[in-house]
Amino acid sequence: MKLQYNYAFFDEGSKREIRRATLKAVAIPGYQVPFASREMPIGRGWGTGGLQLTLSLIGNEDTLKVIDQGSDESVNAVNIKKLIVNTTGAPVTEETKEATLIQSRHRIPEEPLGSDQILVLQVPYPEPLRYIEPSEYVTKRLHGDKEYSGAWLMLFEQIMKHGKMATGADHAVFVHDRYLMAPSPIPRFDNPKMHDSEALILLGAGREKKIHAVPPFTKVESIAFDDYPFEVEQFTDKSCIKCGATHTFMDEIISGLKTVHQCNDSSHCLSRMNQEAV
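Cut-offs applied
- Residues numbered from 1 in each chain as written.
- Predicted model: local features only at pLDDT ≥ 70, side-chain atom pairs only at ≥ 80, totals over all residues.
- Heavy atoms only, no water.
- Helix = DSSP H or I, 4+ residues; strand = E, 2+ residues; numbered from the N terminus.
- Rg over C-alpha atoms; globule rule 2.2 N^0.38 Å.
- Buried < 20%, exposed > 50% of the residue type's maximum accessible area, 1.4 Å probe, protein only.
- Contact = heavy atoms within 4.5 Å.
- Areas by Shrake-Rupley, 256 points an atom, 1.4 Å probe, with all protein chains shown as cover.
- Lys, Arg positive; Asp, Glu negative; His and termini not counted.
- Charge placed at Lys NZ, Arg CZ, Asp CG, Glu CD.
- Axes fitted to C-alpha atoms, helices over the stretch in contact; angles between N-to-C directions.
- Parallel < 35°, antiparallel > 145°, perpendicular 65-115°, else oblique.
- Left-handed = near helix turned anticlockwise from the far one by under 90°.
- Nonpolar A, V, L, I, M, F, W, Y, C, P; charged D, E, K, R; others polar.
- Pairing = 2+ DSSP bridges.
- Right-handed = clockwise from strand over helix to strand, strands pointing away.
- Core = buried A, V, L, I, M, F, W, Y, C linked by side-chain atoms within 4.5 Å.
- Domains from an automatic or database assignment.
- Buried area = accessible area lost by both parts, 1.4 Å probe.
- Polar contact = N/O pair within 3.5 Å; in protein donor to acceptor, adjacent residues only side chain to side chain.

Whenever I open this one, the overall build of the protein confuses me. Can you help?
For the protein, the helix and strand inventory stands at seven helices and 11 strands. Compactness check: the protein gives a C-alpha radius of gyration of 19 Å against a globular reference of 19 Å for 278 residues, within 12% of the reference. Burial analysis of the protein (278 residues in total) assigns 49% to the buried set. Taking all contacts inside the protein whose residues are at least 6 apart in sequence as the whole, residues at least 24 apart take part in 61%. Accessible surface, the protein: about 13800 Å² in total, of which carbon and sulfur atoms supply 53%. The protein carries 31 positive and 37 negative side-chain charges, and their two centres are separated by 6 Å.

Would you mind showing me how to read the packing of helix H2 (residues 48–57) against helix H3 (residues 75–88) here?
A packed helix pair is summarised by two numbers, namely the angle formed by the two axes and the spacing between the axes. Relative to each other, H2 and H3 sit at 25 degrees, their axes nearing to 11 Å. Classified by the angle between their axes, H2 and H3 sit roughly parallel to one another. You can see that H2 and H3 cross each other, and the crossing is right-handed. Of the residues in H3, those in contact with Leu51, Thr54 and Leu55 of H2 are Ile80, Leu83, Ile84 and Thr87. Tallied by class, the residues present in the contact of H2 with H3 amount to five nonpolar, two polar and no charged.

Would you mind showing me how to read the environment of Thr87 here?
Mapping Thr87 onto the fold places it in helix H3. By relative accessible area, which is 1% here, Thr87 ends up buried. C-alpha of Thr87 to C-alpha of Ser267: the two residues are 180 residues apart in sequence and 25 Å apart in space.

I tried to follow the pairing of strand E3 (residues 101–105) on my own but got confused; where do I start?
Each regular strand displays side chains that alternate between the two surfaces of the sheet. Among the five residues of E3, four are classified as buried, and the element is accordingly described as predominantly covered. Looking at chain direction, strand E2 (residues 64–68) and E3 are connected through five bridges and run parallel. Residue Ile67 lies in a different strand from E3, and its bridge partner there is Ser104. With H3 bridging E2 and the parallel E3, this β-α-β connection has left-handed handedness. Both E3 and strand E4 (residues 118–122) contribute to a ladder of four bridges, which runs parallel. Each residue of the ladder has a partner; that of Ile102, found in E4, is Leu119.

I tried to follow unusual backbone geometry on my own but got confused; where do I start?
Phi is mostly negative for residues that are not glycine, and the peptide bonds are mostly trans. Despite not being glycine, Ala8 has its phi angle at roughly 65 degrees, a positive value. Phi is positive for Phe9, close to 70 degrees, though the residue is something other than glycine.

What exactly am I supposed to notice about the nonpolar core here?
Membership of the largest hydrophobic core comes to 25 residues, with the highest contact counts inside it found for Leu51, Leu55, Ile84 and Ile211. Looking at this core, the elements with two or more residues in it are helix H1 (12–27), H2, E2, H3, strand E7 (200–205) and strand E8 (210–214). Here this core takes four residues from H3, the largest share from any one element. Excluding residues within four positions of it along the chain, Leu55 makes contact with Ala8, Phe9, Phe10, Lys15, Met40, Ile84 and Thr87. Core analysis: the next-biggest nonpolar cluster, separate from the first, contains 18 residues, Leu113, Ile186, Leu203 and Val214 among them.

Teacher, can you tell me more about the domain arrangement of the protein here?
You'll often see interface size given as the accessible area lost when the parts meet. Parsing the protein into structural domains produces domain 1 (12–222) and domain 2 (234–278). Look at where the C-alpha atoms of domain 1 and domain 2 centre, and you get two points 26 Å apart. On the domain 2 side, the residues contacting the 14 residues of domain 1 number 10 residues. Between domain 1 and domain 2, roughly 930 Å² of surface is buried when both sides are summed, and carbon and sulfur atoms account for 45% of that area. Applying the counting rule to domain 1 against domain 2 returns seven residue pairs in polar contact (both at pLDDT 80 or more). Residue classes in the side of domain 1 that touches domain 2 are distributed as three nonpolar, four polar and seven charged.

Here it is, written out as structure tokens:
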């Protein structure tokens, strides 16, 4: 396959600069490393940070998987996949186990990841303190002092107002008992998957020009109070209408006059259906 661009779209200098920032992020778990975010042929806020990480890391031996909101076939996933394939010729797969490099928006796959895999998460807002402090200079100082009382206060206000944690997604986590980190807008259901993960998890924010990381086998703990422990979304007594799964994150679907549930991770659901058909 003859490529019309430099391999993986970027010039080699750009890829090296991004890899250097990535190495620093891996060396300091949870720390936001600034990088010179490049212009991409997609709009900022639509995955440019994750895409730059993927393009700087992908090699001839890699197999690619791209998902968006649990689907391999959404508009965001399909177009990112096309750009990567057209500039690298890399093989693609929908099977999580077969992929060495997985780029995702808003979900961590249901299938446990292995030590030979890298998960790249797209991040719109990498600063977990931004909702309480607009100044970048101040948030850097707060991280340096490990001063996270504002985040605790925000969580306390949720409990006072709703009687429980009301974070729908992007629930902040402590990484390696040090930095408070935004895990990208994944549901709370996916937060525990970051803890002690065998795979390297990289998070890229193109618009905000930040890269942060969770190295393999790193402690990741969702922010919570002792008397109000962290809880994931519950799907008690619910099962997937297609594959029958009861342990996955599910979408609620209106079917006629009734509500049914279906696995959000479409490839995991299909894999279970194929296994049952054998």
